[in-house]
Structures are given as structure tokens and as C-alpha cells.
Amino acid sequence: MAHQIASEEIIRLAVELSPSGMMMTDADGTIVLVNAEVERLFGYTREELLGRSVDILVPMSMRAAHESDRASFMAHPEARRMGVGRDLYGMRKDGSKVPVEIGLNPIKTSDGLMILSAIADITERKLADERFRLVVEACPSGMIMTNADGTIVLVNAEAERLFGYARAELYGRSIDLLVPAVARADHANHRKKFLARPEARRMGIGRDLYGVRKNGTQIPIEIGLNPIHTSDGRMVLSAITDITERKRASEALAARSEELLRSNADLEQFAYVVSHDLQEPLRMVTYYTELLAEYLKDRLDEKSKKYIHYAVDGAKRMQQLVKGLLAYSRINSQGRSPMPIKSEIVVKSVLDSLKVAIEESCAEIICEPLPVVRADTVQLAQVFQNLIGNAIKFHGRHSPCIRIGAKQNDKKWTFLVEDNGIGIDRQYSERVFQMFQRLHERGRYEGNGIGLAIAKKIVERHGGRIWFDSEPQHGTTFYFTIPAADGENA
Amino acid sequence: MTDEIHILHILLVEDNEADVDLTLEMLTSAKFDIKFSVARDGVEAIDFLCGDGRWSEPGHPTLILLDLNLPRRDGRQVLSILKSDEQFRRIPVIVLSSSDSEKDITSCYHLGANCYLVKPGDLQAYRGLVRMLEDFWLGVVKLPRCEGHSIATSIGYGH
């Protein structure tokens, strides 16, 4: 057990071991007591301090003020902090200054009224404050710190630039100065709510926020709010970004894509109307030319029959083109929303519908296992129909051998339709997908030259891509991608 | 039964004269004794049935062949009027259109069309279609009586 120690000794030890500097002075400012921390703080030994005026610890510039402050404290002695709102410094033996915070307590002793000062070294805090200030200052966003009342206490360079004020003009002013008049009432409410539940978040999500510049103009801004606890109470640090440029760019982008959508829709509508309305007169040309040929059957010479045949043939070909155009123009307007479907079943039905062509050409079809994908069944069938149909149609000297397969990469499936046909020269890699492009003279292969254009548009409508690899005379492989169905694997 | 009842009467609602001629050409070459009336637009079609406009008394067609794209009141409107009318709803309406759009087809059946046919691209096919139409609608199908629909209506409503 420790030795019994007198209560006076306990008090002395408590003072001596206090982490704050403790110093007692008398009414004249003469130092009568210091502890170890004061020695450390000021670089004096206690022998050097005791009996000396406290003035040796006060920087020259503050001595006069200090003396009158002391006098007023003695006149109204009560425990309080020294120099509230001012930066206090102590002076060390070596003449350097140290930032301090001082608590004052009057003590009545048998030797009269004494002042017990608790002195805290706030060098670290000052450094932290300075670092904070530097970080705020260097931040590329406008930074404004306000207290609970909405009074501006800190502003950085970017905020000055943003709002057109010098910081001196903002300190001490209400944040309302920077808020558009129409939003002020709401702003006060929002501030109250934020302070009731302070957490870092964005201000006014879903609303358009504006700030008012010194010249009265408004700028669109985005604001991040951060609650900060300081020795001066709860503060709100706002990071403010000028989004004028971003807003302008996104508005321009939105306008342009809307325009694009509209012009696409217009084009589709145009193609639809043209192709639909062309069908009627074309049918008339076809019908009546044929009817005429029937009526005059016995009276026409070979040449006339040939010419009538040209006319009918031309009209029928145009019907095919118009039909193709109509189908093309309907891809977006009549497409259904993609949903998970079994592509294997789609391919089976396509092969069924191509049964005659497959049998006639003695084609060999190899269909590998195919996945579930997210697509419009009818349109996916159309793509396979066109690709497999082409593979059968454009066969070489051998009978066609066609392989259909798929492999997964990431969240999409790449389908392939491979044939051993006549192939496509690389120089046509873009042209084959264009409307009404044919790579062969008419009559050699049937078709209206729109099958691949339709396939491309359908694949792109599904967010995919279509392309091919080919070696002329040896075959072609068409590839296209379709998104995988959610949560579906191979 | 009198012969009167056995006369087949087709109302052709079609604005294109060439189409009218063509349809008549195909139908008259066939084996049925058919009486034709032609309405050139939707308004005329309803006038014909009601005996208004250039008709002095209501026509009682056995069958209506209806084009969709018509001036004034179009085919869909005609269909909608016919199929919501107590008197006219039982007359079979065959839509004969150049449109093969899903939207047109679905909306016509929705409005109560009895049959939707797409006009084919060449003469042979058109001829074949008209023949089939004739065989089925005039030969196979049992059609309601042209007149006396008040009886049919009262039977239909169980009075």
C-alpha cells in the first residue's frame, strides 16, 4: 500500500501532473506557481519563472492589452476563457511563439486573490486547422462552410470565382445571399432538416439547383453536403460544382438524340407509307398487264410477248423491293420487347420452314445446342431464316453444308451460321448489309437484296452486332450477338 | 322457299375502279349467279345498307367485300358501324386489303371481321384467291337469310 499522503500534497501532485500547463499568478501578475507542463511549454525552469512577472510569457505585441485585460479580470473575477475569438500566443524563452488556449480561474487564498490559468498548447490543432484550410482552398470545387445559423465562416478560391465575391464579402453573411430568392424559404427548411439528421449527402437530388452570383445571374450547381463538428459547434461544409457546361452538353446531347430518334421515326414512317402506297398501283400494273396478255394471247407476236413479260417481270421485282422495304421499315415499329426465349426452338422452326429448299439442295445441316437468349422470337427467326436461306442459296459446286452454333462471352451470345458456299469477297463486307445491294447479276440468284439489311437492323435493335468471315469459293461464316437472358448460362 | 332468297348479292366496297373491274372479272367468270353492288367509299357503303344517298331502298347483301383504305369513312370505321348494328352485324364481312400488317389484321378481327384476305401480288394468285373465296363463302358456308332479320334477331335473343 502506498504511503499516506497529505491532502495538500495530493493537490500539488494533481497540479504538477496535469497535462495542461498550470500557472498561478497574483494580482500584480507575479508568477507564484507553475507545473511541469508550463516548464516544457515555455522552455523555462520553474526557478526562472517563480517571482517573475507573467509578462515574460506574453508576446511583446500583446503585453499592453494583457495588462488591461488582467485588470478587468481582477475587477470581475469569474472562471472563463481568455481572449475568446482572438488567437492567443505564448512566448517561449527562445523568443518563439506558441499558440495557446487559456482558461482563467480566480482563487481566493490567504495571500489574496490569485489567478489560476490552465494553458493548453494548441500547436497541433492549429496545424490541423491549417491543413484543413489548405485542403479546402486547393479543392477544385467551390467550398463554403456555414454554421448552424447558415452564416458563412469559410470560403475557398473556387467559391469566390463561382459566385463572383471576394471572401471578405462573404464571411459573416448568411448563405441566403447565394440562394435564389424563390428557393430561400425552402432552403431554410432543408437546412433545419439537415442539421437534425446530419449526414454526408447530395443536396436536392432530383431538383435543379441554382446559385446567385454577385452580379445577380444564376448558375446551375450541384452541391455535396458534409456535416463537420468543430470546437465552434456543428458546421456544414458544402462542396459546390458549377454544372453549366455539363448541363449544356447533356441538354445538347438530349436534343440531338431526340432529333435523331425523330428523324429515324420519320424515315421509317416515310418508308412505310411509300412502300405501302406503292403496292396498290404496282398490283394494278401487274394484274392488268397480265390480263392484257391473256386477252391478246392469240394476237401477239413473240416480240410483243417478250415485252409484256419484261413489264410484268419489272413490276413483280418492284413488288419484291417494296415488300422488303416495308418489312425493313416495320422492324422497329412492329418489333416486340425482347424476352427470354429458347433459340434452339426458333432455329428448328426456321429449318422446318426451309424444308423444301434444304431437300432440293441436299443440304446437310448441323445444329449445335443453342442457348436461351433475350430476343423477339419472330425477329430472331427472321435473322436465322435470312442467314440459313442465304447459306443454302449461295452454295458452291458441292451441296451445302451448314453449321449453326453459339458461344457465350460475357453477357451475350455470339451465334454463327457457317457454310461451305461461294463466299463473299472482303471488299463487300459493308455493302452486303446495305439495302438492295446484290453482289450477283439478277437471275443467277433469286432475292430482293434486303435479307442481310433486315438481319442487321434486327440484330442492332437487340443491341447486338453482325459480321462475317469469308474465304471466296470456300465458304462464309456469319456471326451475330444477342444478349443472354438474365441468370441463364449455357 | 322462293328463288328470290337464293340470289347471292355481294356488296363490294372499293374505291379503286381497276380493283372493282378486276374483282368483277374474276367473280363473273365463276359458277354462281351473283348480283353485285359497288360502294365507292365508307359513306356510300352505309348509305347502300340504309337506302340513303343514291339508293332508294336498303340493300340486303349476302356478303360484303370490304377494302380498308377508303376515302371519307375508311374500312375500319365501316366495319365498326356494321358490327355494332343489330341489323347489319350478321352480314359476313370479308376484308380484302393490300396490307399484311399485323396491326391491320388484328384490329379488323377485333372489330368483328369474318375473314381477312391480303390481295396477292400477281394475277394467278389473285384468281386463285377469288376462286377459293367463292367456293368457300358461296358454296360451303351456310349463310343467314338475306331478309327477315327481325325473326333471326328474335330467335337469337330467345324471345
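A few words now on the overall build of chain A. The helix and strand tally for chain A stands at 14 helices and 19 strands. Once local pairs closer than 6 in sequence are excluded, the contacts in chain A between residues at least 24 apart make up 57%.

All right, on to the interface of chain A and chain B then. If you look at the interface, chain A gives 13 residues, while chain B gives eleven residues. Residue assignment for the side of chain A that touches chain B shows that the elements contributing at least two residues are helix H9 (244–295) and helix H10 (302–334) of chain A. Per-element accounting of the side of chain A that touches chain B gives the leading share, ten residues, to H9(A). Of the residues belonging to the side of chain A that touches chain B, the class tally is four nonpolar, five polar and four charged.

Residue and element names in this part refer to chain A. Of the strand pairs in this sheet, strand E7 (residues 142–147) and strand E12 (residues 233–242) are connected by six bridges, and their pairing is antiparallel. Pairing of asparagine 147 across the sheet is with methionine 235, part of E12. Taken together, the ten bridges between strand E11 (residues 218–230) and E12 define a ladder with antiparallel strand orientation. Bridging from a neighbouring strand, threonine 230 pairs with glycine 233 of E12. The hairpin formed by E11 and E12 contains two residues between the paired strands.

Residue and element names in this part refer to chain A. With mixed pairing, five strands are arranged side by side in an open sheet as E14-E16-E17-E19-E18. For this open sheet the edge positions go to strand E14 (364–367) and strand E18 (466–471), each flanked by a neighbour on one side alone. Strand-to-strand twist across the sheet, computed as the mean angle between neighbouring axes with direction ignored, equals 15°. Where E18 and strand E19 (residues 475–483) come together, six bridges link them in antiparallel fashion. Bridge pairing links glutamate 471 to glycine 475 in E19. On top of the sheet, helix H13 (residues 377–393) reaches strand E16 (401–409), strand E17 (412–418) and E19; it is set at about 25° to E17, its chief contact.

Below, the discussion takes up the nonpolar core. Among the nonpolar cores identified, the biggest contains 45 residues, and Val383(A), Phe384(A), Leu387(A) and Ile388(A) are the most heavily contacted of them. Sorting the residues of this core by element identifies H10, helix H11 (343–353), strand E15 (372–375), H13, E16, E17, helix H14 (451–461) and E19 of chain A as the ones contributing at least two each. In this structure, this core is formed jointly by two domains, domain 3 (248–332) and domain 4 (336–483) of chain A, each of which donates at least three residues. Leu387(A) has contacts with Val417(A), Ala455(A) and Phe478(A), leaving out every residue within four places of it along the chain. Counting 34 residues, the second-largest nonpolar core is a separate cluster that includes Leu22(B), Ala39(B), Leu82(B) and Leu123(B).

Attention now goes to the confidence of the model for chain B. Looking at chain B as a whole, the pLDDT averages 81, with 85% of positions reaching at least 70. Across residues 149–159 of chain B the pLDDT falls below 50, and counting only partners more than four positions away or on other chains, this stretch makes seven contacts in the model.

Attention now moves to H11(A). Residues and elements named next belong to chain A. Restricting attention to buried positions, one finds in H11 the residues Ser343, Val346, Val347 and Val350. Around the axis of H11, the buried residues are gathered within 95° of arc, so they sit on the same side. Residues of H11 that are buried sit in contact with strand E13 (339–342), E14, E15, H13 and E16.

With that settled, consider the packing of H10(A) against H14(A). Residues and elements named next belong to chain A. It is at 10 Å that the axes of H10 and H14 come closest, and there the two elements cross at 5°. Judged by the angle between their axes, H10 and H14 are roughly parallel. Contact with H10, carried on its side by Ala327, Tyr328, Ile331 and Asn332, involves Ala453, Ile454, Lys457, Ile458 and Arg461 of H14 and no other residues of that element. Split into classes, the residues belonging to the contact of H10 with H14 amount to six nonpolar, one polar and two charged.

Moving on: the sheet that holds strand E3 (residues 63–66) of chain B. Residues and elements named next belong to chain B. Judged by pairing direction, the sheet is parallel, and its five strands sit side by side in the order E2-E1-E3-E4-E5 without closing on themselves. Since the sheet does not close on itself, it has two edges, and those belong to strand E2 (34–39) and strand E5 (115–118), each with one partner. Taking each pair of neighbouring strands and ignoring which way they run, the sheet shows an average axis angle of 20°. Helix H3 (residues 42–50) contacts strand E1 (8–13) and E2 of the sheet and is inclined by roughly 130° relative to E2.

Analysis parameters
- Residues numbered from 1 in each chain as written.
- Chains lettered and ligands numbered in written order.
- Predicted model: local features only at pLDDT ≥ 70, side-chain atom pairs only at ≥ 80, totals over all residues.
- Helix = DSSP H or I, 4+ residues; strand = E, 2+ residues; numbered from the N terminus.
- Contact = placed C-beta atoms within 7 Å.
- Nonpolar A, V, L, I, M, F, W, Y, C, P; charged D, E, K, R; others polar.
- Pairing = 2+ DSSP bridges.
- Axes fitted to C-alpha atoms, helices over the stretch in contact; angles between N-to-C directions.
- Core = buried A, V, L, I, M, F, W, Y, C linked by C-beta atoms within 7 Å.
- Buried ≥ 20, exposed ≤ 12 C-beta atoms within 10 Å, placed from the backbone.
- Domains from an automatic or database assignment.
- pLDDT = per-residue confidence, 0-100.
- Arc of directions from axis to C-beta.
- Parallel < 35°, antiparallel > 145°, perpendicular 65-115°, else oblique.

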